[in-house]
Amino acid sequence: MTSETGSAGAPNPDELPKMSDKRLLRVLHGEAVWPPPVWLMRQAGRYLPEFRALRAQADFITRCMTPDIATEITLQPIRRYGMDGAILFSDILILPWAMGQSLEFVDGVGPVLEPVRRAADLDRLRPERVAEATAPVMETLRRLRRALDVPGEAALGVGQDGATALIGFAGAPFTVACYMVEGGGSKEFAETRRMAYAEPALFDRLIDLLTEATAAMLCAQIEAGAEAVMLFDSWAGLLPPAQFERQVIEPGRRIASEVRRRHPSVPIVGFPRLGGLLVGRYASQTGIDALALDTSADLALAAGLVPPGLALQGNLDPLCLLAGGDALPAAAETIRSTLRGRPHVFNLGHGVLPQTPPEHVGALVEAVRRPW
Ligand code: CP3
């Protein structure tokens, strides 16, 4: 546990490595690096026995809100695999929770929230409380930045001190609205999409509120030590083009421009999952630095849709990682060689599945890091 390091103030900038030394950040700034840096969505999770051990100690929200626990969980995959990126352990639904919406994570069900359906429900949300409610998350980021960058702080293993970049994140407004309106997970998020058509003024109000709160929260994460931020729009692919423009691209553009205005050197990764052909427009119109691609994206086609200096992230099938065997290094090789010569961050097309054998993750990282 990093509690031994005591209360973590802001790290002394002179002790920290230059941002450009970290391979992940070099790629996000548009440099083609070979072999590509690698980290995995949901790399801290139930597939790791050391995660399951901590999971028994506290419920999910408590784990997110306890800096000792959240720091330790974030670092577990870094110790094992020496990933190039460490993503903060938290959740996209911490934002609505911090604004006062009730939230519970129920085993076998997923998140359960009190649905937001009417103007009166929106009136009860308290965006002005987010900064205070998420203070423990910012403390976790401060501790993580020290643990990653100050030699010896977290015993990360050979050669890893100062090499791993700290990634903050948020859910994008449309995806967070999906859970807020529906009151939990869903295949279709029909109530949310109905509201967007039938009550556009009400839905715009919700998206606007989330857009502002998300930009503010990402800036706070950067001020606490995040070196890059990722915007997860997991349900963007449910929308037809006109709605995609309004609920995904426009809020994404507003968030990216506010984060860039306040923190011009911090790269922003956008993940409009299952956005299909619309990801090209998303990348050029939002002003993000990197586009994360889901498993369904053809990398060569996607590369043709975005400006050449824009980094791409992805997109191995999580099922291929779970299955392992010879297919795993072969698929990894196809992905990295397709994007060779371009800025590329190796990742999955969606999160690591809980049943994934941990040794498959080790085999994947080794395959991605082959020097030839
Ligand atoms: O990548 C990481 O490990 C960093 C932390 C992280 C979590 N959730 C931890 C988590 C991140 C970046 C997320 C993002 C998130 N959360 C998304 C966007 C990415 C995606 O998967 O599409 C979404 C849609 C959510 C909402 C959410 N959180 C759901 C639907 C669930 C339940 C289903 C599930 O996967 O378990 C969660 C819970 C959750 N978030 C867990 C973790 C590790 C599992 C909780 C547990 O193990 O107790």
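Our subject is the structure listed above.
Rules used throughout
- Residues numbered from 1 in each chain as written.
- Predicted model: local features only at pLDDT ≥ 70, side-chain atom pairs only at ≥ 80, totals over all residues.
- Heavy atoms only, no water.
- Buried < 20%, exposed > 50% of the residue type's maximum accessible area, 1.4 Å probe, protein only.
- Helix = DSSP H or I, 4+ residues; strand = E, 2+ residues; numbered from the N terminus.
- Arc of directions from axis to C-beta.
- Contact = heavy atoms within 4.5 Å.
- Pairing = 2+ DSSP bridges.
- Axes fitted to C-alpha atoms, helices over the stretch in contact; angles between N-to-C directions.
- Phe/Tyr/Trp six-rings, centres within 6.5 Å; stacked < 30°, edge-to-face > 60°.
- Lys NZ or Arg CZ within 6 Å of the ring centre and 35° of its normal.

A.B. asks: What is the right way to read helix α10 (residues 190–198) from this model?
C.D. replies: Because each turn of an α-helix spans 3.6 residues, side chains separated by three or four positions end up pointing in the same direction. Buried within α10 we find T192, M195 and A196. In an axial view of α10, the angular spread of the buried residues amounts to 100 degrees, which keeps them on one side of the axis. Packing partners of the buried residues in α10 comprise α9 (173–182), α11 (200–223) and α12 (241–262).

A.B. asks: Before we go on, may I ask you to explain the sheet that holds strand β7 (residues 290–292) in this structure?
C.D. replies: Hydrogen bonding along the main chain pairs the strands of a sheet, whether they run parallel or antiparallel. Ordered in space as β1-β4-β5-β6-β7-β8-β9, the 7 strands form an open sheet in which the pairing is parallel. Looking at the sheet topology across the chains shown, the edges are occupied by β1 (85–87) and β9 (344–348). Averaged over all adjacent pairs, the angle separating strand axes in this sheet is 25 degrees, with direction ignored. When strand β6 (residues 268–272) meets β7, the two strands line up parallel, connected through 2 bridges. The residue of β7 that forms the bridge with G270 is L291. Its contacts with the sheet put α11 on β4 (165–171) and β5 (228–233), and the angle it makes with β4 is roughly 165 degrees.

A.B. asks: Even after reading the chapter, I still don't get the pairing of β4, so can you show me in this structure?
C.D. replies: In summary, the side chains of a regular strand alternate between the two faces of the sheet. Counting buried positions along β4 yields 7 of 7 residues, so the element is predominantly enclosed. A two-sided burial pattern is seen for β4, the buried positions comprising A165, I167, F169 and G171 on one face and L166, G168 and A170 on the other. Here β1 pairs with β4 via 3 bridges, running parallel. The partner of G85 across the bridge, within β4, is A165.

A.B. asks: I tried to follow the packing of aromatic side chains on my own but got confused; where do I start?
C.D. replies: Two measures describe an aromatic ring pair: the distance that separates the ring centres and the angle between the ring planes. All told, the structure shown has 8 aromatic pairs when counted by the stated rule. Between F169 and F232, the aromatic rings sit 5.6 Å apart at their centres with planes inclined by 85 degrees, giving edge-to-face as the arrangement. Taken together, the positions of F169 in strand β4 and F232 in strand β5 put the pair 63 residues apart, joining distant regions of the chain. The class of F169 is buried, set by a relative accessible area of 8%. Between the aromatic rings of F232 and F271, the centroid separation amounts to 6.2 Å while the plane-to-plane angle is 80 degrees, which identifies the pairing as edge-to-face. Note that F232 is positioned in strand β5 and F271 in strand β6, a separation of 39 residues in sequence. Through pairs of rings, three or more aromatic residues link up here, namely F51, F60, F89 and F105. In this arrangement the basic side chain of R273 is found over the ring face of W235, its NZ or CZ atom lying 5.0 Å from the centre. Note that R340 overlies the ring of W34, its terminal NZ or CZ placed 3.8 Å from the centroid.

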